[in-house]
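# Structure at a glance
Below, each chain spelled out in residue letters.
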Amino acid sequence: MTADAGLYRTVALIRGFERRAVELVRAGVVPGGIHPCTGQEAVAAGTCAALRPDDLIASTHRGHGHVLAKGADPARMMAELAGREAGLNRGRGGSMHAADFALGVLGANAMVGAAVPIAAGAAWALRRAGSDRVAVAYFGDGAVSQGVVLEAFNLAALWRAPVVLVCENNGFATSTRTADAVAGSVLGRAAAFGIPALAVDGTDPRAVLAATAEAVARARAGGGPTLLECAVYRFDAHHTWEHAARPGYRSPEEEAAGRARDPLEVQGARIPAAVRAAIDAELDELLDAAVEFARAAPHPDPASALAYLYATEVG
Amino acid sequence: MPKLSYLKALNRALGDEMARDGSVCVFGEDVRVAVSYVTAGLVRRFGPERVLDTPISEQAFTSFATGAALAGVRPLVEFQIPSLLFLAFEQIANQAHKLSLMSGGRLRVPVTYLLPGSGSRESWAGQHSDHPYGLFAHVGVKTVVPATPTDAYGLLLSALRDDDPVVVFAPSGALGVREDVDFAALGPVPLGLGRVHRAGTDVTVVAVGHLVHEALAVAEELAGRVSVEVFDPRTLHPLDRAGLAASLRRTGRLVVLDDSNRSCGFAAEVLATAAEGPRLRAAPRRVTRPEGAVLPFAPALDRACQPGRAQLLAAIGEVTGVLVGEVTGVPGEGGGT
Ligand SMILES: Cc1ncc(C[n+]2csc(CCOP(=O)(O)OP(=O)(O)O)c2C)c(N)n1
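Let me sum up the structure you'll find in this document. The shown structure was predicted, so the numbers you read here are calculated from the model rather than taken from an experiment. Here, residues in each chain are numbered from 1, in the same order as that chain's written sequence. Think of it this way: whatever chain is written first is A, whatever ligand is written first is 1, and the rest follow in order. Per-residue local features of the predicted model are confined to residues with pLDDT of at least 70, and side-chain atom pairs are confined, for both listing and counting, to 80 or more; whole-chain, interface and lining totals are unaffected and use all residues. The basis for every side-chain value is the complete set of heavy atoms in the structure, and neither hydrogens nor water enter the calculation.

A few words now on the overall build of chain B. If you tally the helices and strands in chain B, you get 13 helices and 14 strands. Our radius of gyration is a C-alpha quantity, and the globule rule it is checked against amounts to 2.2 Å times the number of residues to the power 0.38. For chain B, whose C-alpha radius of gyration is 20 Å, the value lies close to the compact-globule estimate of 20 Å for 337 residues. When its C-alpha atoms are laid out on the principal axes, chain B stretches across 60 × 40 × 40 Å. With a 1.4 Å probe rolled over the protein chains alone, any residue whose accessible area is under 20% of its type maximum counts as buried; one over 50% counts as exposed, and the rest are partly exposed. When burial is assessed residue by residue, chain B has 59% of its 337 residues classed as buried. For this analysis, residues touch if any pair of their heavy atoms sits within 4.5 Å. Across chain B, the fraction of contacts at a sequence separation of at least 24, relative to all contacts at a separation of at least 6, is 80%. For the accessible areas, the method is Shrake-Rupley and the probe is 1.4 Å, while residue cover comes only from the protein chains on display. By element, 53% of the accessible surface of chain B is carried by carbon and sulfur atoms, the whole surface being about 12,500 Å². Working convention for charge: Lys and Arg count positive, Asp and Glu count negative, and His plus the chain ends are omitted. The atom standing in for a charge is NZ when the residue is Lys, CZ when it is Arg, CG when it is Asp and CD when it is Glu. With 32 positive and 35 negative side-chain charges, chain B shows a spacing of 5 Å between the two charge centroids. Put simply, DSSP marks the helices as runs of H or I at least four residues long and the strands as runs of E at least two long, and each gets a number from the N terminus on.

Printed below as a string of structure tokens:
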């Protein structure tokens, strides 16, 4: 598969996965609801395409795309969303914590900004151990107001942690516009710590790949952290409950304008129609099977509710 | 009589108090679109200078509210999820709470912290399902857990009028509760005063928050066989020790129903308080989440950690020596007993 076809496949995989996951929320198979990343898939596809399998990532409440792009099995991931024993995290983590540790995913974190220092610390430890592996930290525009994120910027820069700081700026934190929450700018945050920073078109997988490749190269060579601010638009509600609650913080016109630049189309236009159709067909089969797998998978035994609470049994 | 829902009661108390007292203002994430509903309509009524959408910077805006309070504002700080209290614990427990004493009584910090949706909402997983009221009671911050719409209204009003920091936990399990009320009769409910929801003579069930409704259902089910008194402390700190003692003198037996972790939890405090008083007629029991629990995502696992009716029945059976039989109600396989 060409690089362009590969990027398209990842975007389409995430899109198809989440469309089905939303259906399963509506059907009551996925409890708790999800935060879809529809419209933001190019960031996941482009950043992960620049990584080696042994590199690490740490993700957010809107993390399905990152984890799939890093290579997670869609069937076991769907089973995790459905709370089944066969899920990636044995049904204990669910949507906001769906992660595959075997693939170098350090977790999908439900606390805004909390993954950033974790990724930075992991990156620092890798470098200290003499490896050239790197880590990526994902976070939203809302997270740049968290103290812990800026504290992590400082540590990462001071100690040259090989971490790529990927801000997915979708213009909103739930209902709050970035301009109403961020004084100065996101890129200016990096400047304060002497961290190189770049604005990236987050709807274009190629642009994200190119920017990440450069940041990764700098990190591997000992050059420390880089911040990428990826401009994206979240097509869907903040969370699936929002359809019921209808907070109405953005206009239909604004949503239409945001949806006009669709990473699926941006990247789809770059590959031959026949290749695109073949990928779509392959993914349909794969993802339908993932849904079947999740639906059929057994529920965990309530008696095991606190299994895994400790790595070492106590008492 | 008109129905009042718990969420509407919180909304109404806040709106009424903002209308009465121009120094009350609201800080929180997405409070203008009222994601939690508690602040619905307030920005239209009182304007954006009194209803402030904050960035996602809990530590800063929590202490920002402390500063504002020191300068004459009476802030209500809304937190979207209970685990944010872990993040802002320093700002509440180590700053706001300590200023009165450390200033020799010269400073007061009238801030109310509101958690609309504490405890497990089905399948919000490990980082969204805590019910950390015990932490605040432990450090001595005034801690309130209303169970009914009337109490939600009255206790929130008292919290807003109190000159100390007060944390109000609105359990997600209670948000949907509705009650017939006479709106004219709504008013403040004093902090530190418990409520006997149902009088009884055989056993006192101390139930916290949404579990009051579980306790009442079990009491009803046992009516005629065991006479259950349901005592709702309403305020966990300061605890209505006199009210509790009076109830225990009537019944001589105790079961505590508490949706927080077992070890070092609120239920342990109630048991200890009882043990220090006149001798009970039977060893007391507590029905809680398991010790040190983290709630798993899968719904059946989440429910398995929560205290429920089956365990309450069993505990009542043990302390009264009456075989109480099977539960007919639904929830809760239950956590630790
Ligand atoms: C520390 C913290 N504060 C608040 C919340 C509640 N919350 C969950 S997602 C969210 C908005 C996050 O916005 P952003 O970081 O821009 O990411 P996006 O949702 O846009 O992807 C909020 C406020 C939380 N989970 N963690």
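Having put the structure on the table, let's press on.
Next up on the list: the pattern of salt bridges. Residues and elements named next belong to chain A. For this document, the term salt bridge refers to a Lys or Arg side-chain nitrogen within 4 Å of an Asp or Glu carboxyl oxygen. Here the structure, examined in full by the defined rule, presents 33 salt bridges over all chains. One salt bridge connects D284 with R20, and the closest N-O pair in it is separated by 3.0 Å. On the criterion of sequence distance, the pair formed by D284 in helix α13 (residues 273–296) and R20 in helix α1 (residues 3–26) is long-range, its members being 264 residues apart. For R20, a relative accessible area of 5% corresponds to the buried category. Each of R52, D54, D132 and R133 takes part in a single network of salt bridges with overlapping partners.

Attention now goes to the packing of aromatic side chains. Only centres within 6.5 Å qualify two rings of Phe, Tyr or Trp (six-membered ring in Trp) as a pair; their planes then separate them into stacked at under 30 degrees, edge-to-face at over 60, and tilted for everything else. In this structure the tally under the stated criterion is 10 aromatic pairs over all chains. Considering the side-chain rings of A:F153 and A:F193, the 6.1 Å spacing of their centres and the 85° angle between planes classify their relative orientation as edge-to-face. On the criterion of sequence distance, the pair formed by A:F153 in helix α6 (residues 147–158) and A:F193 in the loop between α8 (186–192) and β7 (197–201) is long-range, its members being 40 residues apart. Ring geometry for B:F89 and B:F136: centres 5.1 Å apart, planes at 75°, overall edge-to-face. Of the two residues, B:F89 is situated in helix α5 (residues 89–95) and B:F136 in helix α7 (residues 133–139); the sequence distance between them amounts to 47 residues.

Another point: the interface of chain B and chain A. Listed by partner, the interface residues are 32 residues for chain B and 36 residues for chain A. Roughly 2,600 Å² of surface becomes buried between chain B and chain A when both sides are summed, with 68% attributable to carbon and sulfur atoms. Summed over both partners, the accessible area lost on bringing two parts together, with a 1.4 Å probe, is the buried area. Ranking the residues of chain B by area buried against chain A places B:I56, B:F297 and B:L301 at the top, with a combined share of 25%. Summed over the shared surface of chain B and chain A, the result is zero salt bridges. Any pair of nitrogen or oxygen atoms within 3.5 Å is treated as a polar contact; in protein, a donor-acceptor pairing is required on top of that, and neighbouring residues in sequence qualify only through side-chain atoms on both sides. One can count nine residue pairs in polar contact (both at pLDDT 80 or more) joining chain B with chain A. Elements that contribute at least two residues to the side of chain B that touches chain A include exactly α4 (84–87) and α12 (299–304) of chain B. A per-element tally of the side of chain B that touches chain A places α12(B) first, with four residues. Classes in brief: Ala, Val, Leu, Ile, Met, Phe, Trp, Tyr, Cys and Pro nonpolar; Asp, Glu, Lys and Arg charged; the others, Gly included, polar. Here the side of chain B that touches chain A is composed, by residue class, of 20 nonpolar, seven polar and five charged.

One can find B:R20 in helix α1 (residues 6–20). A polar contact of 2.8 Å, which involves the side chain of B:R20, links it to the side chain of B:E17.

A few words on the site of the ligand. Not every one of the 22 residues close to the ligand is listed here, only the nearest: A:R62, A:A110, A:G142, A:N170 and B:E58. At the ligand, the nearby residues belong to more than one chain, namely chains A and B. A:H61 places a side-chain nitrogen or oxygen 2.8 Å from an oxygen atom of the ligand. For the ligand, whose unbound accessible area comes to 580 Å², protein coverage reaches 96%. Contributions of two or more residues to the shell around the ligand are made by β5 (172–173) of chain A together with α4 of chain B. The class makeup of the residues in the shell around the ligand is 10 nonpolar, eight polar and four charged. Whether a residue is near a molecule or strand depends on its heavy atoms: if one lies within 4 Å, it is near.

Looking at soluble globular proteins, one finds that nonpolar side chains tend to be buried together. Take the buried residues of types Ala, Val, Leu, Ile, Met, Phe, Trp, Tyr and Cys, join any two whose side-chain atoms come within 4.5 Å, and each joined set is a nonpolar core. If you look at the biggest cluster of nonpolar residues, it comprises 56 residues, and the most contacted ones within it are A:M77, A:M78, A:L81 and A:V166. Counting residues per element, this core draws most heavily on α1(A), at 12 residues. B:F27, B:I81, B:F136 and B:F231 belong to the second-largest nonpolar core, a separate cluster that totals 41 residues.

Bringing helix α9 (residues 205–220) of chain A into the picture now. Residue and element names in this part refer to chain A. Take the number of residues in a helix, subtract one, and multiply by 1.5 Å to get its expected span. The first and last C-alpha atoms of α9 sit 22 Å apart over 16 residues, in line with the 22 Å expected at 1.5 Å per residue. Residues of α9 that are buried include every one of P205, V208, A211, T212, A215, V216 and A219, and no others. Angular distribution of buried residues about the axis of α9 spans 135°; they occupy a single face of the element. Looking at the packing, one finds that the buried side of α9 touches α1, α2 (41–49), β4 (163–169), β7, β8 (226–231) and α12 (263–268). A positive backbone phi angle near 90° is found at G222, which sits one or two residues after α9. Working definition: the arc comes from the directions between the helix axis and the C-beta atoms, pointing outward to the latter.

The subject of this paragraph is the sheet that holds strand β11 (residues 228–232) of chain B. Residue and element names in this part refer to chain B. Two strands make a pair as long as DSSP finds a minimum of two bridges between them. The strand order β9-β11-β10-β13-β14 describes an open sheet built from five strands, whose pairing is mixed. With one partner strand each, in any of the chains shown, β9 (195–198) and β14 (285–289) form the two edges of the open sheet. Neighbour-to-neighbour, the strand axes of the sheet open up by a mean angle of 25°, direction not taken into account. Two elements, strand β10 (residues 203–207) and strand β13 (residues 254–261), share four bridges in a ladder whose sense is parallel. Bridging from a neighbouring strand, T204 pairs with L254 of β13. Helix axes are fitted only over the stretch in contact, all axes being lines through C-alpha atoms; the angle between N-to-C directions runs from 0 to 180 degrees. Taken strand by strand, helix α11 (residues 266–276) contacts β10, β13 and β14, and its axis lies near 155° from that of β13.

A few words on the sheet that holds strand β3 (residues 51–53) of chain B. Residues and elements named next belong to chain B. As summarised here, the arrangement of the seven strands in space is β3-β2-β4-β5-β7-β6-β12, forming an open sheet in which the pairing is mixed. One side of each edge strand has no neighbouring strand; the edge strands of this open sheet are β3 and β12 (235–237). Adjacent strand axes in the sheet meet at a mean angle of 20° when their direction is disregarded. Relative to strand β7 (residues 166–171), strand β6 (residues 142–144) runs parallel, the two sharing three bridges. Paired with V144 across the strands is V168, a residue of β7. Against the sheet, helix α8 (residues 149–161) contacts β2 (24–28), β4 (74–78), β5 (112–118), β6, β7 and β12, and its axis sits at roughly 130° relative to β4.

Moving on: the packing of α1(A) against helix α4 (residues 74–81) of chain A. Residues and elements named next belong to chain A. Where α1 meets α4, the closest approach of the two axes is 11 Å, and the angle between their N-to-C directions is 30°. As the angle between them shows, α1 and α4 are arranged roughly parallel. The handedness of the crossing between α1 and α4 comes out as right-handed. In this structure, α1 uses L13, F17, R20, A21 and L24 to contact α4, whose residues at the interface are P74, M77, M78 and L81. The residue makeup of the contact of α1 with α4, split by class, is eight nonpolar, no polar and one charged. An angle counts as roughly parallel when it lies under 35 degrees, as roughly antiparallel when it exceeds 145, as roughly perpendicular when it falls between 65 and 115, and as oblique in every other case. Rotating anticlockwise by less than a right angle from the far helix to the near helix defines a left-handed crossing, while the corresponding clockwise rotation defines a right-handed one.

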